[in-house]
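Overview (structure and organization)
Take a look at the letters that make up each chain.
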Amino acid sequence: KKKKKKERGSMPNRCDHLITNVNVATMSASNAPYGAIENAVIAIKDNRIVYSGSPLNCPYACDTPFDAKGQWAMPGFIDCHTHLVFAGSRATEFELRQQGVSYEQIAQQGGGIKSTVAATRSATEDELLESALKRASRLVEEGVTCIEVKSGYGLDTVNETKMLRVAKQLEDFLPVHVATTFLGAHALPAEYTNDADAYIDKVCNEMIPYVATHKLASAVDVFCESIGFTPAQCERVFEAAIDNGLAIKAHVEQLSDLKGALLAGKYHALSVDHLEYLQEQDVEQLAKSSTVAVMLPGAYYYLRETQLPPIDALRKYKVPMAVA
């Protein structure tokens, strides 16, 4: 009897890396939690994942596959709200908070943001980079592949842009993507005491155009709060950001309800962050925008807050949420 010739399929495509025997959390919609695919393979070519799924359907091959031995692979984490570049320490303030002193009281006494501003202004770019790399390295070790980094501790053109340049340098030393945000409207610097409108003039007319022209940030943030800036002042910042082609974010309703989330939603902000004092009726309005509600449990517990964000209402009205 003549032997049948063995049927030959098409040759597999070559890839740079092939991870076998791996469980994959794809995070795609499926019947399995987290879009999980067990006993899968992952093919990587030109630094991109080109296939993840069953080994039976994989069109790729590699000379030296890597056996994951049943471990899990998942998408990199995104930390979408950090103040990672700064100098100084607020360790003494932690003791005060343990004794019941509020964050607002500490800020009014020159602590909080203002104490960090003084230390950051006196630090060099090299000093800021050295300390920021330690913090960013820890995040990378924990699986973070994208970090948003805000300025906000310089509060003048020279030092705000110094912070943003340092943040962008992190990509040169670590396998991480950095998205920078200009937060000039974080607090009122001492040299503008009792003249917040004049400082906002500087933010809008000098700092934002400079940041945009030199491509130091892709977004602009504000601190809309009783110890920060009024909704009217924040709206001026939003308008300046839009005029200069920058996206909008906002710290809102962290300590009180100034309706900052509604204002930010009106301008289609990328995100509104904190939200402890956001009211349910405002959640319904916020849901009409594409704005993401960012939860910050670390800040909540560290500051010993007692009022939780309206998480159930955010779920009820299907407002997209992120955790930072």
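Computed from a predicted model, the values in this text were never measured in an experiment.

Regarding the pairing of strand 13 (residues 271–274)
Here four bridges tie strand 12 (residues 247–252) to strand 13, and the two strands are oriented parallel to one another. Of the residues in strand 13, the one forming a bridge with Ala250 is Val272. The parallel pair strand 12 and strand 13 is bridged by helix 8 (residues 260–266), and the resulting crossover is right-handed. In the sheet, strand 13 pairs with strand 14 (residues 292–295) via three bridges, with the strands oriented parallel. Its bridge partner being in strand 14, Ser271 is matched across the sheet by Val292. In this fold, strand 13 hands off to helix 9 (residues 280–286), which returns the chain to strand 14; that crossover is right-handed.

Description of the environment of Ala322
The residue Ala322 is located in strand 15 (residues 321–323) in this model. Separated by 244 residues in the primary sequence, Ala322 and Ile78 place their C-alpha atoms 9.2 Å from one another. If near-sequence neighbours (up to four positions away) are discounted, Ala322 is found in contact with Cys80, Val292, Ala293, Val294 and Met295.

A short note on helix 3 (residues 113–122)
For helix 3, every residue scored as buried is listed here: Ile113, Thr116, Val117 and Thr120. Projected down its long axis, helix 3 shows its buried positions confined to an angular sector of 110 degrees, all on one face. Summarising the contacts, the buried residues of helix 3 are in contact with helix 2 (103–108), helix 4 (125–141), helix 5 (157–169) and strand 11 (219–224).

Brief notes about the pattern of salt bridges
Going through the model one piece at a time under the given rule, you end up with 15 salt bridges. Across the pair Lys150 and Glu148 runs a salt bridge, and its minimum N-O distance is 2.7 Å. In this pair, the class of Lys150 matches that of Glu148, namely buried. The shortest N-O distance in the salt bridge between Lys259 and Asp282 comes to 2.7 Å. Residue Lys259 is found in the loop between strand 12 and helix 8, and its partner Asp282 is found in helix 9; the two are separated by 23 residues along the sequence. Because the salt bridges share partners, they merge into one network encompassing Glu148, Lys150, Asp221 and Lys249.

Here we look at the nonpolar core
Counting residues in hydrophobic clusters, the biggest one holds 72 residues, and the most contacted among them are Leu170, Phe182 and Val237. Considering every element that reaches this core, the biggest residue donor is helix 6 (residues 196–213), with nine residues. Leaving out residues up to four positions away in the same chain, Phe182 has contacts with Ser151, Glu160, Leu164, Val203, Met207, Ile208, Val211, Ala217, Ala219, Val220 and Asp221. If you look at the next biggest cluster of nonpolar residues, it comprises eight residues, including Cys15, Ala43, Cys58 and Tyr60.

So, the side chain of Glu305
Along the polypeptide, Glu305 turns up in the loop between helix 10 (297–302) and helix 11 (311–316). No salt bridge forms around the buried Glu305; measuring N to O, its nearest opposite-charge neighbour Arg97 is 8.3 Å away. Setting aside residues no more than four positions away along its own chain, Glu305 makes contact with Leu255 and Tyr300.

What about the packing of helix 4 against helix 5?
Closest axis-to-axis distance for the helix 4/helix 5 pair is 9 Å, and the angle between their directions is 45 degrees. Classified by the angle their axes make, helix 4 and helix 5 are oblique. In this structure, helix 4 meets helix 5 at a crossing whose hand is right-handed. Residue-level contacts link Glu125, Leu128, Leu129 and Ala132 of helix 4 to Lys162, Arg165, Val166 and Gln169 of helix 5. Residues that form the contact of helix 4 with helix 5 fall into these classes: four nonpolar, one polar and three charged.

Parameters at a glance
- Residues numbered from 1 in each chain as written.
- Predicted model: local features only at pLDDT ≥ 70, side-chain atom pairs only at ≥ 80, totals over all residues.
- Heavy atoms only, no water.
- Pairing = 2+ DSSP bridges.
- Helix = DSSP H or I, 4+ residues; strand = E, 2+ residues; numbered from the N terminus.
- Right-handed = clockwise from strand over helix to strand, strands pointing away.
- Contact = heavy atoms within 4.5 Å.
- Buried < 20%, exposed > 50% of the residue type's maximum accessible area, 1.4 Å probe, protein only.
- Arc of directions from axis to C-beta.
- Salt bridge = Lys/Arg side-chain N within 4 Å of Asp/Glu carboxyl O.
- Core = buried A, V, L, I, M, F, W, Y, C linked by side-chain atoms within 4.5 Å.
- Lys, Arg positive; Asp, Glu negative; His and termini not counted.
- Axes fitted to C-alpha atoms, helices over the stretch in contact; angles between N-to-C directions.
- Parallel < 35°, antiparallel > 145°, perpendicular 65-115°, else oblique.
- Left-handed = near helix turned anticlockwise from the far one by under 90°.
- Nonpolar A, V, L, I, M, F, W, Y, C, P; charged D, E, K, R; others polar.

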